[in-house]
Amino acid sequence: KETLIKVENLKKYFPMNKSNILTHTQNVKAVDGISFDILKGETFGLVGESGSGKSTTGHLILRLLNPTDGKVYVEDKDIYQHSDRKFRKMRKDLQIIFQDASWALDPKMIIEDILTEPLRIHKIVPRFETEKEVKRLLDIVGLSKNDAKKFPHEFSGGQRQRIGIAKAISTRPKFILCDEPVSALDVSIQSKILNLLTDLQREYDLTYLFIAHGLNVVKHVSDRVGVMYLGKIMEIGNVNTIYNDPKHPYTKALISAFPDPNPEVKNERIVLKGEIPSPINPPKGCLFHTRCPYKMDICDKVIPQLTDINEGHKSACFLNEEVMAKIE
Ligand code: SF4
Ligand code: MG
């Protein structure tokens, strides 16, 4: 498969606002040097606790933020090199679905106007066809054409998410950032929205970056998974490898949070102690060492590098000899 998006040593540090000439600036290292590819037509799942840098990574890929360092290529084009004007043309290829669709839906506008806006801005269909196109979009996401005249508040959370999806696909994008698209919804609705996303992906050849807290949702929709902790990627691999043969203790802990109901699957259980440390003052060495039941002497002194363990499977833990070999 071809690469659609290439992320290279991406960093985003947010300065703390209290700095002045006397106190040196402290940074929140929201994303701290990550590299990965997203392949055409796949769903890449990015998981981790709150504050691990998942959303910031997604926003950097859409150029909603500028990076402190590093690069993002979309079809080999460096998106930060483009002028704003030129990037605006690429914008229609790169869309977003929010956790709460309300963020994308102006409460004072009816659905027809909300969906017409991107169609006009990006000249997707001729003006006289926008009304028809809005109806088509509503139909695609499982809503009725009568819904076009309603306001966002007249819908349930699940329906609003369908409108958010209609808005995202309206520009016929190549890539959609799905930022926790079902975590605010009832469990009964979650699978319906996930099925819709999967159907649309197949139908329109979409590529997804799917962000979630836990591995339980990502497991069902992803081809490959990256596990983030405090701004770095701890492990990356095919979804089956990540579930059946996880190498990093943090990944094992995330899997333990949702034990497999199948008794034949015997993953080690690791219960996470404590909270994720502050990204202002992250632990030295391995970022996970303050919570890791396997911590060794080296772990709080040297940073483990994300290293190939097997074809397409990388881990950043000294329990893997390949990672240990890198420091010798
Ligand atoms: Fe645990 Fe050490 Fe591996 Fe980090 S490098 S996950 S502290 S064993
Ligand atoms: Mg987030």
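Rules behind the numbers
- Every chain is numbered on its own, with residues counted from 1 as its sequence reads.
- By the order in which they are written, chains take letters starting at A while ligands take numbers starting at 1.
- In keeping with the predicted nature of the model, local features appear solely for residues at pLDDT of at least 70, side-chain atom pairs appear and are counted solely at 80 or more, and the whole-chain, interface and lining totals rest on all residues.
- UniProt positions are given in the numbering used here, feature names are shortened, and annotations may be inferred rather than shown by experiment.
- We count a stretch as a helix when DSSP gives it H or I for four or more residues in a row; a strand needs E for two or more, and each element gets its number in order from the N terminus.
- For this measure, only C-alpha atoms enter the radius of gyration; the expected value for a globule follows 2.2 Å times N^0.38, where N is the number of residues.
- Comment: burial labels come from other C-beta atoms within 10 Å of the residue's own C-beta, placed from the backbone, where a count of 20 or more is buried, 12 or fewer is exposed, and between is partly exposed.
- C-beta atoms are placed from the backbone for every residue, and two residues are taken to be in contact when these atoms lie within 7 Å.
- What a helix is expected to span follows from its residue count: subtract one and scale by 1.5 Å.
- Each residue gets a C-beta atom placed from its backbone. Should that atom fall within 6 Å of a molecule or strand, the residue is termed near it.
- Here the term charged refers only to Asp, Glu, Lys and Arg, the term nonpolar to Ala, Val, Leu, Ile, Met, Phe, Trp, Tyr, Cys and Pro, and the term polar to all other amino acids, Gly among them.
- Pairing between strands is defined by DSSP: at least two bridges between the two strands are required.
- Only the stretch in contact is used when a helix axis is fitted, and all axes are lines through C-alpha atoms; the angle between N-to-C directions ranges over 0 to 180 degrees.
- Any angle from 65 to 115 degrees is called roughly perpendicular, while one under 35 is roughly parallel, one over 145 is roughly antiparallel, and all others are oblique.
- Definitions for this section: a left-handed crossing has its near helix turned counterclockwise from the far helix by less than a right angle. A right-handed crossing has that turn clockwise.
- Here, a nonpolar core means buried Ala, Val, Leu, Ile, Met, Phe, Trp, Tyr and Cys residues linked by C-beta atoms lying within 7 Å of one another.
- The start and end points of each domain follow an automatic or database-based domain assignment.

By the naming in an unreviewed UniProt entry, the protein chain is ABC transporter ATP-binding protein, taken from Anaeromonas frigoriresistens. Quoted verbatim from the Sequence similarities (unreviewed entry) field of UniProt, the annotation for the protein chain is "Belongs to the ABC transporter superfamily."

Participant: So what about the overall build of the protein chain? Which residues, and what values?
Facilitator: From N to C terminus, the protein chain includes ten helices and twelve strands. Taken over C-alpha atoms, the radius of gyration comes to 21 Å for the protein chain, in line with the 20 Å a tight globule of 328 residues would show. Looking at the protein chain as a whole, 38% of its 328 residues qualify as buried. By sequence separation, contacts in the protein chain at least 24 residues apart represent 62% of the contacts at least 6 residues apart.

Participant: Please set out helix α6 (residues 187-204) residue by residue, giving values where relevant.
Facilitator: Quick reminder: α-helices carry 3.6 residues per turn. Residues three or four places apart thus point the same way. With 18 residues, α6 extends 26 Å from end C-alpha to end C-alpha; this agrees with the ideal 26 Å at 1.5 Å per step. Positive phi shows up at Asp205, right after α6, with a value of about 55 degrees.

Participant: Which residues make up the site of ligand 1, and what values do they have?
Facilitator: Neighbouring ligand 1 are 14 residues; Cys286, His289, Cys292, Cys299 and Cys317 lie closest to it. Residue composition of the shell around ligand 1, grouped by class: eleven nonpolar, two polar and one charged.

Participant: Let's hear about the sheet that holds strand β5 (residues 77-78): which residues, and what values?
Facilitator: Pairing is antiparallel in the open sheet, where four strands are placed in the order β2-β1-β4-β5. One side of each edge strand has no neighbouring strand; the edge strands of this open sheet are β2 (27-39) and β5. The pairing of strand β1 (residues 3-15) with β2 spans ten bridges and is classified as antiparallel. For Pro15, the partnering residue across the bridge sits in β2 and is Asn27. Against the sheet, helix α1 (residues 54-61) contacts β1, β2 and β4 (69-74), and its axis sits at roughly 120 degrees relative to β1.

Participant: Tell me what's going on with the packing of helix α3 (residues 111-121) against helix α5 (residues 157-169), and back it up with residues and numbers.
Facilitator: Two numbers describe how α3 lies on α5: the axes approach to 8 Å, and their chain directions differ by 25 degrees. One way to sum up the angle between α3 and α5 is to call them roughly parallel. The element α3 and its partner α5 pack so that their crossing is right-handed. Contact residues: α3 offers Ile111, Ile114, Leu115 and Pro118, while α5 offers Ile163, Ala166 and Lys167. Tallied by class, residues from the contact of α3 with α5 come to six nonpolar, no polar and one charged.

Participant: Before we move on, can you summarise the nonpolar core with the specific residues and values?
Facilitator: Judged by nonpolar contacts, the single largest core of 77 residues is most densely connected at Val47, Ile176, Cys178, Leu209, Phe210 and Val227. Counting only domains with at least three residues in this core, you end up with domain 1 (3-93 + 173-326) and domain 2 (112-167). In this structure Ile176 touches Gln95, Ile96, Ile97, Ala168, Leu206 and Tyr208, once residues within four positions along its chain are discounted.

Participant: Requested: an account of the domain arrangement of the protein chain, with residues and values cited.
Facilitator: As assigned here, the protein chain comprises domain 1 (3-93 + 173-326) and domain 2 (112-167). The centre of domain 1, based on its C-alpha atoms, is set 31 Å off from the matching centre of domain 2. Taken together, the residues that form the side of domain 1 that touches domain 2 break down as six nonpolar, no polar and two charged.

Participant: Pulling in residues and values, what's your account of the sheet that holds strand β10 (residues 232-238)?
Facilitator: Reading across the sheet, the eight strands line up as β6-β7-β8-β3-β9-β10-β12-β11 and stay open at both edges, with mixed pairing between neighbours. Both edges of this open sheet fall to β6 (94-97) and β11 (307-310), since each of them pairs with a single strand only. For this sheet, the mean angle separating the axes of adjacent strands, direction not counted, is 25 degrees. Strand direction decides the pairing type here: β11 and strand β12 (residues 313-315), joined by three bridges, are antiparallel. Each residue of the ladder has a partner; that of Thr307, found in β12, is Ser315.

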